[in-house]
Amino acid sequence: MPRHRFAHAARFAAAALLIPALLGGCGTASYPSLARRAEEKPATAPAATAAVAALDQVPAGLDARIDSLLRAAREADKAFAAARPATERALNAAANATPGDEAWQQANLALSDLERQRGVLGVIEGDIEELYTQDRMAHAPENPDTPRAAARMIEAARSQILALGAAQDRVLDAARRKLPR
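Quantities reported herein were computed from a predicted structural model and do not represent experimental measurements.

Trainee: I'd like to hear about the overall build of the protein chain, residue by residue, with values.
Mentor: Within the protein chain one finds 5 helices and 0 strands. A burial count over the protein chain gives 24% of its 181 residues as buried. Counting contacts in the protein chain only where the partners sit at least 6 residues apart, residues at least 24 apart contribute 80% of the total. About 12700 Å² of surface is accessible on the protein chain, with carbon and sulfur atoms providing 59% of the total.

This is the structure we're talking about:
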């Protein structure tokens, strides 16, 4: 009985050195390509072209819905812009105030009003996100790579609304930093 568990390792050392040499020749064989051959590629049928054309049609009422959301977003942005000067004045008046002072409370109320105005656009952002998600879920299984007219319209409106929201967020962040802590 061997004293050590590696006592038999000397017998297998020569075989272990031969294994890489034997396996080195295994990678030289030429195998056929896995790429599709011309006869294996799917043919574009007229029915498929008609289906793509049907996907490019805009559902009834979508134009009106998107226009309504864009109009509401612009109105919310105007209301936010109208509330901004009062907030700036209140924040400037409270520049040297301590939290709890009358000027600080007025600035805090003005900032809260500006945040409320931002919330109006937030609701519209939620509506366009819901429309975007519903459209994606309804058409993703068919062909997610085919841009459809409805999807393009929704994405364009979505990007405009989200851009308004991002601009308002930047204004609010700057205003929050002005309020004394």
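Now that the structure has been shown, we can carry on.
Trainee: Break down the packing of helix H3 (residues 62–93) against helix H5 (residues 149–178) for me, citing the residues and quoting the values.
Mentor: Contact geometry of H3 with H5 gives a least axis separation of 11 Å together with a crossing angle of 10°. Judged on the interaxial angle alone, H5 and H3 are roughly parallel. Across the contact of H3 with H5, the residue classes tally to 17 nonpolar, 3 polar and 6 charged.

Trainee: Give a description of the environment of Gln106 that names residues and reports values.
Mentor: When you line up the elements, Gln106 lands in helix H4 (residues 102–139). When the C-alpha positions of Gln106 and Ala94 are compared, they lie 8.0 Å apart, and in sequence the two are 12 residues distant.

Trainee: Would you mind going over the pattern of salt bridges in detail, with residue names and values included?
Mentor: Pairing between side chains of opposite charge can happen when the charged atoms of each approach one another. One pass over the full model with this rule turns up 8 salt bridges. Here Glu129 and Arg158 are joined by a salt bridge, their closest N and O atoms 2.8 Å apart. Remark: Arg158 occurs in helix H5 and Glu129 occurs in helix H4; sequence separation between them is 29 residues. Glu155 is the partner of Arg136 in a salt bridge, and the nearest nitrogen-oxygen pair spans 1.9 Å. Within this pair, whereas Arg136 is found in helix H4, its partner Glu155 is found in helix H5, the two being separated by 19 residues in sequence. On the basis of relative accessibility, which here comes to 34%, the residue Arg136 falls in the partly exposed class. A relative accessible area of 30% means that Glu155 is categorised as partly exposed.

Trainee: Got a sec to walk through the environment of Ala93? Specific residues and values, please.
Mentor: Position of Ala93 among the secondary structure elements: in helix H3. Taking C-alpha positions, Ala93 is 6.4 Å from Ala103, a pair spaced 10 residues apart along the chain.

Trainee: So what's going on with the side chain of Glu125? Residues and values would help.
Mentor: With respect to the helices and strands, Glu125 occurs in helix H4. Not counting residues up to four positions away in its chain, the partners in contact with Glu125 are Arg118, Ile161, Leu162 and Gly165.

Trainee: Help me get a handle on the packing of aromatic side chains, residues and values and all.
Mentor: Evaluated as defined, the whole model comprises 0 aromatic pairs. When the ring centre of Tyr132 is taken as origin, the NZ or CZ atom of Arg158, which lies over that ring, is 4.1 Å away.

Trainee: Help me get a handle on H5, residues and values and all.
Mentor: For H5, built from 30 residues, the straight-helix expectation of 44 Å at 1.5 Å per residue is met to within 8% by its first-to-last C-alpha distance of 44 Å. Within H5, burial applies to Ala149, Ala150, Ala151, Ile154, Ala157, Ile161, Gly165, Gln168, Val171, Leu172 and Ala175.

Trainee: Break down the packing of H3 against H4 for me, citing the residues and quoting the values.
Mentor: Where H3 meets H4, the axes come as close as 9 Å, and the angle between the chain directions of the two elements is 165°. With respect to H4, the axis of H3 lies roughly antiparallel. Crossing geometry of H3 relative to H4 is assigned as left-handed. Taken together, the residues of the contact of H3 with H4 sort by class into 23 nonpolar, 3 polar and 5 charged.

Trainee: Account for the side chain of Thr87, naming residues and giving values.
Mentor: Inspection of the secondary structure assignment puts Thr87 in helix H3. You can call Thr87 buried: its relative accessible area is 0%. Residues within four places of Thr87 in sequence aside, it is in contact with Ala110, Leu111 and Leu114.

Conventions and cut-offs
- Throughout, residues of each chain are indexed from 1 in the direction in which the sequence is written.
- Owing to the predicted nature of the model, reporting of local features is limited to residues with pLDDT of at least 70; listing and counting of side-chain atom pairs is limited to 80 or more, with chain, interface and lining totals taken over all residues.
- The side-chain values count all of the structure's non-hydrogen atoms but skip hydrogen atoms and water molecules.
- Working definition: helices are DSSP H or I runs of at least four residues, strands are E runs of at least two. Numbering for both runs from the N terminus.
- Burial here depends on accessible area, computed with a 1.4 Å probe over protein chains only, as a share of the maximum for the residue type. Under 20% is buried, over 50% is exposed, and the range in between is partly exposed.
- Any pair of residues with heavy atoms lying within 4.5 Å of one another is described as a contacting pair.
- The method behind every accessible area is Shrake-Rupley, applied with a 1.4 Å probe, and residues are considered shielded solely by the protein chains displayed.
- Note on geometry: axes are C-alpha line fits, over the in-contact stretch for helices, and angles between N-to-C directions span 0 to 180 degrees.
- Roughly parallel covers angles under 35 degrees, roughly antiparallel covers those over 145, roughly perpendicular covers 65 to 115, and oblique covers all other angles.
- Only Asp, Glu, Lys and Arg are considered charged, only Ala, Val, Leu, Ile, Met, Phe, Trp, Tyr, Cys and Pro nonpolar, and every remaining residue, Gly among them, polar.
- When a carboxyl oxygen of Asp or Glu is within 4 Å of a side-chain nitrogen of Lys or Arg, the pair counts as a salt bridge.
- Here a pair means two rings of Phe, Tyr or Trp (six-membered ring of Trp) with centres within 6.5 Å. Their orientation is stacked below 30 degrees between planes, edge-to-face above 60, and tilted elsewhere.
- Charges are assigned to positions over rings by a cutoff of 6 Å between ring centre and Lys NZ or Arg CZ, combined with an angular limit of 35 degrees from the ring normal.
- Expected helix span is given by 1.5 Å per residue-to-residue step, counting one fewer step than there are residues.
- Crossing handedness: left-handed means the near helix sits turned counterclockwise from the far one by under a right angle, and right-handed means the same turn made clockwise.

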